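Structure at a glance
Listed here are the chains, written in short residue letters.
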Amino acid sequence: VKSVIFQYTVSEALTRYKDDVMKNGLLLKYWSLWGPVQCMTFGVVPVHLRIAFIAVISFFWLIIFSSVTAKGQKERELECSLEDGVSCRIDG
């Protein structure tokens with residue numbers, strides 16, 4: 001979805017995703033958070049509190065996700081500016 005909004009090519013979007021997963025550990029963070037959360041949700045949290053519990057955890061997941069993505073964006077900008085000695089635009 002982000003690639004459509006920012007008008008990235010498919011290859012650029014896949015490269016960004018790959019960088020987030022491989023270099024920034026996004027997939028590891030995802031499983032580290034959501035595996036235990038789902039176990040707690042269906043094993044410990046009362047039925048009437050499950051939606052609120054998931055909403056609170058989702059809020060913190062968005063903070064983690066945004067920080068990982070921003071970190072990757074800063075690294076790409078730094079790499080790009082170092083390549084030609086001036087700067088470049090990754091998104092077009």
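See above for the structure.
Now for a description of the structure that goes with this document. (Residues numbered from 1 in each chain as written. Predicted model: local features only at pLDDT ≥ 70, side-chain atom pairs only at ≥ 80, totals over all residues. Heavy atoms only, no water.)

Comments concerning the environment of Val45
Topologically, Val45 is positioned in the loop between helix H3 (26–43) and helix H4 (50–84). Contact partners of Val45, with chain neighbours within four places excluded, come to Met40, Arg50 and Phe53. (Helix = DSSP H or I, 4+ residues; strand = E, 2+ residues; numbered from the N terminus. Contact = heavy atoms within 4.5 Å.)

Some points on the nonpolar core
Grouped together as the largest cluster of nonpolar side chains are six residues: Leu26, Trp34, Val37, Ile57, Trp61 and Val68. Among the elements of the structure, H3 and H4 are those that each provide at least two residues to this core. The residues touching Trp34, leaving out its near neighbours within four places in the chain, are Ile54, Ile57, Ser58 and Trp61. (Core = buried A, V, L, I, M, F, W, Y, C linked by side-chain atoms within 4.5 Å. Buried < 20%, exposed > 50% of the residue type's maximum accessible area, 1.4 Å probe, protein only.)

A look at the packing of aromatic side chains
The geometry of an aromatic ring pair is captured by two quantities: the separation of the ring centres and the angle between the planes. Scanning all chains against the criterion turns up three aromatic pairs. Here Tyr30 and Trp31 contribute two aromatic rings whose centre-to-centre distance is 5.6 Å and whose plane-to-plane angle is 90 degrees, an arrangement assigned as edge-to-face. Residue Trp31 is classed as exposed on the basis of its relative accessible area, which comes to 57%. Members of the aromatic cluster, connected to one another through ring pairs, are Tyr30, Trp31 and Trp61. (Phe/Tyr/Trp six-rings, centres within 6.5 Å; stacked < 30°, edge-to-face > 60°.)

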